[in-house]
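# Geometric and topological summary
Each chain, written out:
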Amino acid sequence: MTTASPLVYVCITCRRPEHPDSEPRPGALLAAATERAAQGTEVAVRRLRCLANCSRGPSAAVRANGSWTYLFGGLDPANAADLVEGARLIAGASDGVMPWRGRPDILKRNLIARVPPTDFEEVDA
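Residues numbered from 1 in each chain as written. Predicted model: local features only at pLDDT ≥ 70, side-chain atom pairs only at ≥ 80, totals over all residues. Heavy atoms only, no water.

## Remarks on the sheet that holds strand β2 (residues 44–48)
Selection criterion: A pair of strands counts as paired when DSSP detects no fewer than two bridges linking them. Only DSSP runs of H or I reaching four residues or more are called helices, and only runs of E reaching two or more are called strands; each is numbered from the N terminus. Every axis in this analysis is a line fitted to C-alpha atoms, fitted for helices over the stretch in contact. Angles between the N-to-C directions lie between 0 and 180 degrees. Contacts are assigned to residue pairs with any non-hydrogen atoms lying within 4.5 Å of each other.
The strand order across the open sheet built from five strands is β2-β1-β3-β4-β5, with neighbouring strands paired in mixed fashion. Two strands in the sheet have a free side with no partner beyond their single neighbour: β2 and β5 (111–115). For this sheet, the mean inter-axis angle between neighbouring strands, taken without regard to orientation, is 20 degrees. Two elements, strand β3 (residues 60–63) and strand β4 (residues 69–72), share three bridges in a ladder whose sense is antiparallel. From the neighbouring strand, V62 faces β4, where its bridge partner is Y70. Strands β1 (7–11) and β2 of the sheet are contacted by helix α1 (residues 26–38), whose axis makes an angle of about 165 degrees with β2. Helix α2 (residues 80–91) contacts β1, β3 and β4 of the sheet and is inclined by roughly 25 degrees relative to β3.

If you want it as structure tokens, here you go:
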């Protein structure tokens with residue numbers, strides 16, 4: 001993996017409020033499914049503990065080198081391929097913004113936040 005590889009960060013400690021003690025955690029299941037979906041692609045998947053979106057988990061964040069970072073919630077393993085596709089879309093975006101057109105529906109409906117890259121400056125602010 002190079003630093004330019006698109007990344008999907010998946011919270012492995014996420015759980016559903018209605019099943020707080022379930023094991024394996026839904027976030028861990030999402031991480032495993034996303035790793036499988038990313039096999040053979042340029043997308044890297046990293047597991048981490050807590051994206052601080054507990055009330056709307058399971059959660060994942062998507063970014064590429066120099067891009068905006070997108071945080072999504074309310075996910076499940078069926079959304080793994082959508083996360084990989086989102087990472088690929090953002091990696092191919094010249095402006096670092098994930099295009100709306102072609103974005104999987106779950107990544108439209110379940111967007112929690114979009115965070116600018118560290119060197120971002122608003123042009124017309």
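## Description of the pattern of salt bridges
Any two side chains of opposite charge can pair, given that their charged atoms come close. Our working definition: Salt bridges, as used here, are contacts in which a Lys or Arg side-chain nitrogen is within 4 Å of a carboxyl oxygen on Asp or Glu. Only protein chains enter the accessibility calculation, which uses a 1.4 Å probe. A residue is then buried if its area is under 20% of the maximum for its type, exposed if over 50%, and partly exposed in between.
For the structure on display, the rule yields three salt bridges. Measuring nitrogen to oxygen at the nearest pair gives 2.8 Å for the salt bridge that ties R47 to E35. Highlighted residues: R47 in strand β2 and E35 in helix α1, separated in sequence by 12 residues. You can call R47 partly exposed: its relative accessible area is 41%. A relative accessible area of 30% means that E35 is categorised as partly exposed.

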